[in-house]
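The lines below spell out each chain.
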Amino acid sequence: MRRPPRAALRFLLLLLLLLLLLPPVPQAAKKPTLCKQCRELVDKFKKGMVDTAKKNFGGGNTAWEEKTLSKYEFSEIRLMEIVESLCESSDFECNRMLEEQEEHLEAWWLQLKNEHPDLFEWFCVETLKVCCSPGTYGPDCRACQGGSERPCSGNGHCSGDGSRQGDGSCQCHVGYQGALCTDCVDGYFSSLRNQTHSVCTACDESCKTCSGPTSRDCGECEVGWTLEEDACVECDSTCVGCTGDGPGRCKECIPGYTQDSGECTDIDECSQAEKACARKNENCYNTPGSYVCVCPEGFEETDDACVPTAQGEGAEGSPTQPPSREEL
């Protein structure tokens with residue numbers, strides 16, 4: 001079989017490389033659910049009602065205005081003004097739903113508004129059946145966990161709440177757990193609990209678990225704290241675990257510190273026999289728990305050494321001031 005010419009192979013390889021280097025095609029924005037579209041359309045309709053309320057009236061013959069206004073309030077003219085302002089010309093989904101459901105909105109406005117004053121409930125829940133009432137979820141609009149009045153005991157969000165989706169399970173707020181979000185997680189305690197309400201309040205920062213708000217109410221101390229005289233006290237910043245307050249009560253020292261005379265003290269890496277800074281001409285400066293390596297003034301850094309700059313030649317070995325605390 002005849003092989004393709006090299007020029008063609010090079011072209012194919014170049015084309016493949018260009019395809020690999022091209023940025024990924026951005027995904028199209030997620031299409032809003034029918035419930036969300038319906039809810040937004042209703043919100044815009046309500047705004048249109050507010051914007052057109054008592055439009056073009058104000059001052060003059062009050063009796064005439066009231067008579068004329070009452071006619072305008074329920075008129076087709078006002079309905080058309082509201083409908084015309086509902087959707088932006090570029091909002092395809094809004095315009096499509098409006099086109100498909102305009103007769104329903106007209107029927108509600110002219111005939112059903114008094115009997116069904118809640119447009120969202122009548123239009124989105126009962127007529128189109130794309131949403132559910134608050135506190136209910138799923139295809140059959142079942143009550144959320146904990147009931148539709150206070151889903152998840154008021155301490156969480158019901159999955160699918162107000163939509164035809166979700167499973168009704170509770171997604172608890174911070175500090176709560178359990179099927180109905182009535183239990184407290186570690187770091188919180190129950191400050192109120194009865195047949196209808198459960199309130200979890202944060203423990204003191206020293207407590208991992210607690211029965212009240214202070215450091216003396218801890219059941220278990222948080223990491224970095226220890227129990228002393230019935231209260232959790234904070235370990236020294238140089239400690240890894242401790243038996244009490246202060247650097248002399250550390251179980252172990254953090255890196256850069258060592259036990260000396262019963263306390264965790266800073267290791268001076270720059271004074272040890274083995275040089276901490278490996279590059280030639282480099283100065284070592286000790287810092288709390290660590291150290292820094294800096295080229296002297298008149299020198300510049302390379303991978304292997306500090307070398308004199310053109311202006312600093314002959315300055316090798318000259319004393320320099322250590323860097324300021326800000327520079328460290």
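Structure: above.
Below is a short write-up of the structure. This one's a predicted model, so the numbers in the text were calculated from it and none came from an experiment.

## Thoughts on the overall build of the protein chain
- In terms of helices and strands, the protein chain carries 6 helices and 20 strands.
- For the protein chain, the proportion of its 328 residues judged to be buried stands at 30%.
- Look at the contacts in the protein chain between residues 6 or more apart in sequence, and 31% of them connect residues 24 or more apart.
- Of the roughly 22200 Å² of accessible surface on the protein chain, 51% is carried by carbon and sulfur atoms.

## Quick notes on the packing of helix 5 (residues 92-112) against helix 6 (residues 119-127)
- Two elements in contact, helix 5 and helix 6, have axes separated by 11 Å at closest approach and are oriented at 135°. The orientation of helix 5 with respect to helix 6, classified from their angle, is oblique. In terms of crossing hand, the pair formed by helix 5 and helix 6 is right-handed. On the side of helix 5, the interface is formed by Gln-101, His-104, Leu-105, Trp-108 and Leu-112, while helix 6 contributes Leu-119, Trp-122, Phe-123 and Thr-127.
- Residues that form the contact of helix 5 with helix 6 fall into these classes: 6 nonpolar, 3 polar and no charged.

## Quick word on the side chain of Ser-198
- Here Ser-198 shows up in strand 8 (residues 198-202).
- For Ser-198, a relative accessible area of 5% gives the class buried.
- Within the structure, the side chain of Ser-198 is placed 2.7 Å from the backbone oxygen of Thr-182, a separation counted as a polar contact.
- Beyond its immediate chain neighbours, meaning those up to four positions away, Ser-198 contacts Asn-155, Tyr-176, Thr-182, Leu-192 and Arg-193.

## What about the pairing of strand 7 (residues 188-193)?
- Pairing of strand 7 with strand 8 involves 5 bridges; the strand directions are antiparallel. If you follow Ser-190 over to strand 8, its bridge partner there is Cys-200.
- Hairpin connection from strand 7 to strand 8: 4 residues lie between these consecutive antiparallel strands.

## Examining the state of the cysteines
- As enumerated under the stated definition, the model contains 17 disulfides in all.
- Shown here is the disulfide that connects Cys-277 with Cys-293, its sulfur atoms set 2.0 Å apart. Judged by the sign of its S-S torsion, about -90°, the bond between Cys-277 and Cys-293 is left-handed. Pair noted here: Cys-277 is in the loop between strand 16 (263-266) and strand 17 (283-287) and Cys-293 is in strand 18 (residues 290-294), with a separation of 16 residues, a long-range link.

## Describing helix 4 (residues 76-84)
- Residues of helix 4 that are buried: Arg-78, Leu-79, Ile-82 and Val-83. Buried residues along helix 4 cover an arc of 135° about the axis, so they all sit on one side. More than 90 degrees from the buried face of helix 4, the exposed residues found are Ile-77 and Glu-84.

## A closer look at the packing of aromatic side chains
- Counted according to the given criterion, the structure contains 3 aromatic pairs.
- Pairing Phe-45 with Trp-108 gives two aromatic rings, centres 6.0 Å apart and planes at 80°, and the pair type is edge-to-face. Of the two residues, Phe-45 sits in helix 2 (residues 34-52) while Trp-108 sits in helix 5, which places them 63 residues apart along the sequence.
- Phe-45 sits in the buried class, given a relative accessible area of 0%.

Thresholds applied
- Residues numbered from 1 in each chain as written.
- Predicted model: local features only at pLDDT ≥ 70, side-chain atom pairs only at ≥ 80, totals over all residues.
- Heavy atoms only, no water.
- Helix = DSSP H or I, 4+ residues; strand = E, 2+ residues; numbered from the N terminus.
- Buried < 20%, exposed > 50% of the residue type's maximum accessible area, 1.4 Å probe, protein only.
- Contact = heavy atoms within 4.5 Å.
- Areas by Shrake-Rupley, 256 points an atom, 1.4 Å probe, with all protein chains shown as cover.
- Axes fitted to C-alpha atoms, helices over the stretch in contact; angles between N-to-C directions.
- Parallel < 35°, antiparallel > 145°, perpendicular 65-115°, else oblique.
- Left-handed = near helix turned anticlockwise from the far one by under 90°.
- Nonpolar A, V, L, I, M, F, W, Y, C, P; charged D, E, K, R; others polar.
- Polar contact = N/O pair within 3.5 Å; in protein donor to acceptor, adjacent residues only side chain to side chain.
- Pairing = 2+ DSSP bridges.
- Disulfide = S-S within 2.5 Å.
- Arc of directions from axis to C-beta.
- Phe/Tyr/Trp six-rings, centres within 6.5 Å; stacked < 30°, edge-to-face > 60°.

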